[in-house]
Amino acid sequence: MTVVKSTIPDSARQVTGEALQSTLVDLLGLSLIGKQAHWNIVGPRFRSIHLQLDEVVAAAREFADTVAERSAALGLPPDGRPETIASAFTLPGPKDGWVRDTEVVEVVVEALEAAIARLRERIDATEKPDPVTQDLLIAITAELEKQRWMFAAENVTGEV
């Protein structure tokens with residue numbers, strides 16, 4: 001079996017690989033959080049939030065694929081196995097069973113905020129080792145920040 005060779009030095013590849021793998025875990029986990037909430041949401045805003053969750057899931061899945069392919073292109077096999085995600089995932093998620101629409105919004109905002117904070121750390125970490133990966137992480141962060149804003153706007157009460 002031949003191994004894909006990286007186009008960047010080994011030290012840069014290690015930093016980049018860690019950033020990509022942890023991003024993959026976060027994105028796959030976000031897609032699972034989104035689907036879990038999507039299936040179990042109840043409340044007067046069910047339909048709008050139900051559909052909005054699909055946007056988060058679609059973005060997370062698309063970016064997960066892009067991140068995994070970037071990793072493979074650098075000669076680093078991505079690991080999206082269920083046991084890897086289950087053992088490494090640390091973002092907050094919904095409780096089991098039915099979840100009120102307001103709780104879904106809170107959980108999704110918290111999960112997105114945590115993912116964004118971790119992405120910003122990875123953006124800093126990959127600046128010198130691999131600006132191409134950094135650029136990818138910046139694009140992911142921008143989309144997740146947009147999704148966070150849209151969910152956070154759902155919970156605004158009173159004057160802004």
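Just so it is clear, the structure is predicted and the values come from calculations on it, not from any experiment.

Q: Would you mind showing me how to read the overall build of the protein here?
A: Counting secondary structure elements, the protein contains five helices and two strands. Seen through its principal axes, the protein has C-alpha atoms that stretch 55 × 35 × 20 Å. Out of the 160 residues in the protein, the part that is buried amounts to 43%. A fraction of 80% describes how many contacts in the protein between residues 6 or more apart in sequence connect residues 24 or more apart. With the model as given, the accessible surface of the protein reaches about 8700 Å², and the carbon-plus-sulfur share is 57%.

Q: I keep staring at the packing of helix 2 (residues 46-73) against helix 5 (residues 131-152) and nothing clicks. Help me out?
A: Between two packed helices, what matters for the description is the angle formed by their axes and the separation of those axes. Axis separation between helix 2 and helix 5 bottoms out at 11 Å; the angle between their running directions is 175°. With respect to their mutual orientation, helix 2 and helix 5 come out roughly antiparallel. Seen from helix 2, the contacting residues are Ile49, Gln52, Leu53, Glu55, Val56, Ala59, Phe63, Thr66, Val67 and Arg70; seen from helix 5, they are Val132, Thr133, Leu136, Ala139, Ile140, Glu143, Gln147, Met150 and Phe151. A per-class count over the contact of helix 2 with helix 5 returns 12 nonpolar, four polar and three charged.

Q: Just to check I follow, could you spell out the nonpolar core for this structure?
A: As a rule of thumb, soluble globular proteins bury nonpolar side chains together. With 37 residues, the main nonpolar core has Leu27, Leu30, Val104, Ile140, Leu144 and Phe151 as its most contacted residues. Elements represented by at least two residues in this core include exactly helix 1 (10-40), helix 2, helix 4 (101-126) and helix 5. With 10 residues, the single largest contributor to this core is helix 4. The contact partners of Leu30, leaving out residues within four places of it in the chain, are Ala60, Phe89, Leu91, Ala111, Leu112, Ala115 and Leu144.

Q: Would you mind showing me how to read the pattern of salt bridges here?
A: Pairing between side chains of opposite charge can happen when the charged atoms of each approach one another. Applying the stated criterion across every chain yields a total of 13 salt bridges. The partner of Arg122 in a salt bridge is Asp26, with the nearest N and O atoms 2.9 Å apart. One end of the pair, Arg122, is in helix 4; the other, Asp26, is in helix 1, with 96 residues separating them in the sequence. By relative accessible area, Arg122 is classed as buried at 7%.

Q: It is not clear to me how the environment of Leu53 should be interpreted in this structure. Could you clarify?
A: Topologically, Leu53 is positioned in helix 2. Taking the C-alpha atoms as reference, Leu53 lies 11 Å from Leu32; in sequence the two are 21 residues apart.

Q: What is the right way to look at the environment of Thr102 in this model?
A: Within the secondary structure layout, Thr102 lies in helix 4. The class for Thr102 is partly exposed, based on a relative accessible area of 35%. Sequence separation of Thr102 and Ala125 is 23 residues, and the distance between their C-alpha atoms is 35 Å. If we ignore the near neighbours within four places in the chain, the residues touching Thr102 are Arg45 and Asn155.

Q: Explain the side chain of Asp79 to me, please; I cannot follow it from the model alone.
A: Looking at the secondary structure, you find Asp79 in the loop between helix 2 and helix 3 (82-88). With near-sequence residues (within four places) excluded, Asp79 lies in contact with Gln21, Leu24, Thr84 and Ile85.

What counts, and where the lines are drawn
Residues numbered from 1 in each chain as written. Predicted model: local features only at pLDDT ≥ 70, side-chain atom pairs only at ≥ 80, totals over all residues. Heavy atoms only, no water. Helix = DSSP H or I, 4+ residues; strand = E, 2+ residues; numbered from the N terminus. Buried < 20%, exposed > 50% of the residue type's maximum accessible area, 1.4 Å probe, protein only. Contact = heavy atoms within 4.5 Å. Areas by Shrake-Rupley, 256 points an atom, 1.4 Å probe, with all protein chains shown as cover. Axes fitted to C-alpha atoms, helices over the stretch in contact; angles between N-to-C directions. Parallel < 35°, antiparallel > 145°, perpendicular 65-115°, else oblique. Nonpolar A, V, L, I, M, F, W, Y, C, P; charged D, E, K, R; others polar. Core = buried A, V, L, I, M, F, W, Y, C linked by side-chain atoms within 4.5 Å. Salt bridge = Lys/Arg side-chain N within 4 Å of Asp/Glu carboxyl O.

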